[in-house]
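Descriptive structure summary
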Amino acid sequence: MSDFELNEKVAIVTGGAGGIGVHLSAEFAYAGAAVVVTSRQQEPLDEVVAKITANGGRALAVTADITVPEQVDELIARTVAEFGRLDIMVNNAGGWGSRRMPEETAYDEWQRLIDVNLNGTFLCCIAAGKQMIEQASGNIINISSTAGTKGNPYNLHYSAAKAGVISLSNNLAFMWAKHNINVNCIAPGLIGTQPLKRLGIIPSDTRDDGTTIPHLELPPRPEGVAQMARFLASDAARDITGEVIPVRGWFKSDRYWQ
């Protein structure tokens, strides 16, 4: 069996019904894991689970608001009740804020972005970690952002929250190494998801003269993030913990302020 396979593993993917999360859920199922897909709305979860099971995979839809501790605890409990254990926790759920100058950032929006991006990740890490400590093994993958490493001046709240996710991951990696729990962080840049394409945020892959732009000069595909997460969750990455790994091409705004 390849070290990149996830056969007999059980994974939770938060924010698993939209954007990058759909690809994370599909990739983990393709690798052989049983996948618990969670978000706040049932219908999109059911669609993701239906596609996975139609392709022969195992999946369960569980609605949960990751900012509510009781719902996070229930998510872990249902996963263990259904599959007997929890091997992989992918904390992907999050959200953007509106672009504002710092002095125009309302406190309630600051609070909302910190809650969904940082506090929710903390709650999921702790709830999953308790189960993994009991098992003496586990793997936590937190999805941060290049906004958490280089900043994003007009999204002060989002950047601060994603930087907090990186710090949280580093601390947990150190403190849970004795329990055989890997904790790593993926920091995607701007990713070519369908929602961002529909909004016109993702640039065209062709120039005005019709020639193709090299793919490394464009935002990466969401599949690239999913494949990196699969690697980190697999035995191939068993010696890696406490790392922050970007997923980005040579797209200027992912590296420098503009």
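These remarks concern the structure in this document. (Residues numbered from 1 in each chain as written. Predicted model: local features only at pLDDT ≥ 70, side-chain atom pairs only at ≥ 80, totals over all residues. Heavy atoms only, no water.)

Before going further, it helps to examine the side chain of D87. Turning to its location among the elements, D87 is positioned in the loop between α3 (69–83) and β4 (88–91). Residue classification places D87 among the buried residues on the basis of a relative accessible area of 6%. Those residues in contact with D87 that sit more than four places away from it in its chain are E8, K9, V10, M132, Q135, G138 and N139. (Helix = DSSP H or I, 4+ residues; strand = E, 2+ residues; numbered from the N terminus. Buried < 20%, exposed > 50% of the residue type's maximum accessible area, 1.4 Å probe, protein only. Contact = heavy atoms within 4.5 Å.)

The next point concerns helix α1 (residues 20–30). Within the span of α1, buried status applies to I20, G21, L24, S25, E27, F28 and A29. If you follow the buried residues of α1, they end up packed against β1 (10–14), β2 (34–39), α2 (42–54), β4, β5 (138–143) and α8 (222–233). Of the residues trailing α1, G32 is marked for its positive phi of about 110 degrees.

Along β5, six of the six residues are buried, which leaves the element largely enclosed by surrounding structure. Neither face of β5 is open: one carries G138, I140 and N142, the other N139, I141 and I143, and all of them are buried. Sheet topology note: the β4/β5 ladder contains four bridges and is parallel. What sits directly across from M89, in β5, is I140. Across six bridges, the pairing between β5 and strand β6 (residues 181–188) is parallel. From the neighbouring strand, I140 faces β6, where its bridge partner is V183. (Pairing = 2+ DSSP bridges.)

Overall, parallel pairing links the seven strands, which are arranged β3-β2-β1-β4-β5-β6-β7 in an open sheet. The sheet terminates laterally at β3 (58–63) and β7 (244–247), the two strands that pair on one side only. This sheet shows a mean twist of 20 degrees between the axes of neighbouring strands, independent of strand direction. Bridge count for β2 against β3 is six bridges, and the pairing is parallel. Pairing of A34 across the sheet is with R58, part of β3. Relative to β3, α3 is tilted by about 155 degrees, and along the sheet it contacts β1, β2, β3 and β4. Its contacts with the sheet put α8 on β4, β5, β6 and β7, and the angle it makes with β6 is roughly 165 degrees. (Axes fitted to C-alpha atoms, helices over the stretch in contact; angles between N-to-C directions.)

The subject of this paragraph is the environment of S234. Position of S234 among the secondary structure elements: in the loop between α8 and β7. The class of S234 is buried, set by a relative accessible area of 3%. Along the sequence, S234 and N155 sit 79 residues apart, while their C-alpha atoms lie 33 Å from each other. Ignoring any residue separated from it by four or fewer positions in sequence, one finds S234 in contact with D3, F4 and L6. At a separation of 2.7 Å, a polar atom in the side chain of S234 contacts the main-chain carbonyl oxygen of F231. (Polar contact = N/O pair within 3.5 Å; in protein donor to acceptor, adjacent residues only side chain to side chain.)

Helix α4 (residues 107–135) packs onto α3 with a crossing angle of 35 degrees between their chain directions and a minimal axis gap of 9 Å. In this structure, α3 crosses over α4, and the sense of that crossing is right-handed. Each of P69, V72, D73, I76 and V80 in α3 lies in contact with α4, whose residues at this interface are L123, C124, A127, A128 and Q131. Class assignment for the residues of the contact of α3 with α4 results in eight nonpolar, one polar and one charged. (Left-handed = near helix turned anticlockwise from the far one by under 90°. Nonpolar A, V, L, I, M, F, W, Y, C, P; charged D, E, K, R; others polar.)

Before going further, it helps to spend a moment on the pattern of salt bridges. Here the idea is simple: oppositely charged side chains can pair when their charged atoms come close. Taken as a whole, this structure holds five salt bridges when the rule is applied. In this structure, R238 and D3 form a salt bridge, with 3.6 Å as the shortest nitrogen-oxygen distance. A residue pair is termed long-range when its members are at least 10 positions apart, and R238 in the loop between α8 and β7 and D3 in the segment before β1 qualify at 235 residues. Across the pair D87 and R85 runs a salt bridge whose closest N-O atoms are separated by 2.7 Å. (Salt bridge = Lys/Arg side-chain N within 4 Å of Asp/Glu carboxyl O.)

Moving on, we get to the nonpolar core. Looking at soluble globular proteins, one finds that nonpolar side chains tend to be buried together. Ranked by size, the top nonpolar core spans 31 residues in total, and within it L24, F28, I88, I141 and I186 carry the most contacts. Counting residues per element, this core draws most heavily on α8, at five residues. With near-sequence residues (within four places) excluded, I186 lies in contact with I141, N142, I143, S144, S145, V225, M228, A229, L232, I245 and V247. Counting 24 residues, the second-largest nonpolar core is a separate cluster that includes I12, I66, M89 and C125. (Core = buried A, V, L, I, M, F, W, Y, C linked by side-chain atoms within 4.5 Å.)

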